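# Summary of the model geometry
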Amino acid sequence: EFIQPLCDKEITVVPDPTLLVKKEEWLKLVENEKIKKPYVLIYSLNNCKTTYEIAEKVAKSLELPIIEIRGSSKPYKYNSGNTVLDNIGPIEFLSYIKNAEFVVTDSFHGTVFSTLFEKTFYSIPPHGLGSRMETLLKSLGLSSRLVDNWECCSSEKIDYTSVEAKLNVLRKTADDFFNSVTL
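Rules used throughout
Residues numbered from 1 in each chain as written. Predicted model: local features only at pLDDT ≥ 70, side-chain atom pairs only at ≥ 80, totals over all residues. Heavy atoms only, no water. Salt bridge = Lys/Arg side-chain N within 4 Å of Asp/Glu carboxyl O. Helix = DSSP H or I, 4+ residues; strand = E, 2+ residues; numbered from the N terminus. Phe/Tyr/Trp six-rings, centres within 6.5 Å; stacked < 30°, edge-to-face > 60°. Buried < 20%, exposed > 50% of the residue type's maximum accessible area, 1.4 Å probe, protein only.

Moving on, we come to the pattern of salt bridges. Applying the stated criterion across every chain yields a total of five salt bridges. In this structure, the salt-bridge partner of Asp-16 is Arg-132, at a minimum N-O distance of 3.7 Å. Here Arg-132 lies in helix α6 (residues 131-139) and Asp-16 lies in the segment before α1 (17-20), a separation of 116 residues in the sequence. A salt bridge links Lys-23 to Glu-118, with the shortest nitrogen-to-oxygen separation between them at 3.4 Å. A residue pair is termed long-range when its members are at least 10 positions apart, and Lys-23 in helix α2 (residues 23-30) and Glu-118 in the loop between α5 (108-116) and β5 (120-123) qualify at 95 residues.

Quick look at the structure:
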């Protein structure tokens, strides 16, 4: 909507490339990565206190420890006392999401992989920067997973059969668009 008035071509929104790859392909990358004990995962890029508060409440309700992946090298204002993983690689990142009992994230790609790996999750949009998360979750019928405080957290089970069908529609839209582009 913002770009369309600036050009004379139709604007087509296609999913992030990570969504174009099906779950089975991503799982091949992490099939040998197994984590033994259940945990709640925080993947935070924005060091948002709300992300930690929600994760702590989830962990307490599930009686599970928290493992935290920090996606930034800047100092963290919120020292949680959780097990913190810094400087992990992409396979480890995917593996920790795949093996989590529950994911709490303020990252778009944390949201993407939580969805692809069919996790129970909450996404906390960064203030003023959450439009990709909002657009994605709305298109998948998962708007209830987008939260900004504990009181609005949904306990509703996610229907991943419906989500997968919607993902396939998004993939088809992208495929049709890429096949129609002439350079």
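For the structure on display, the rule yields seven aromatic pairs. When the centroid spacing of 4.9 Å and the interplanar angle of 90° are considered together, the rings of Trp-26 and Phe-113 count as edge-to-face. Highlighted residues: Trp-26 in helix α2 and Phe-113 in helix α5, separated in sequence by 87 residues. In this pair, the class of Trp-26 matches that of Phe-113, namely buried. Measuring from centroid to centroid gives 4.8 Å for Tyr-43 and Phe-93, while their planes differ by 65°, and the two rings are edge-to-face. Pair noted here: Tyr-43 is in strand β1 (residues 40-44) and Phe-93 is in helix α4 (residues 90-99), with a separation of 50 residues, a long-range link. Its relative accessible area of 12% is what places Tyr-43 among the buried residues. By way of ring pairs, the aromatic residues Trp-26, Tyr-43, Phe-93, Phe-113 and Phe-117 are connected into one cluster.

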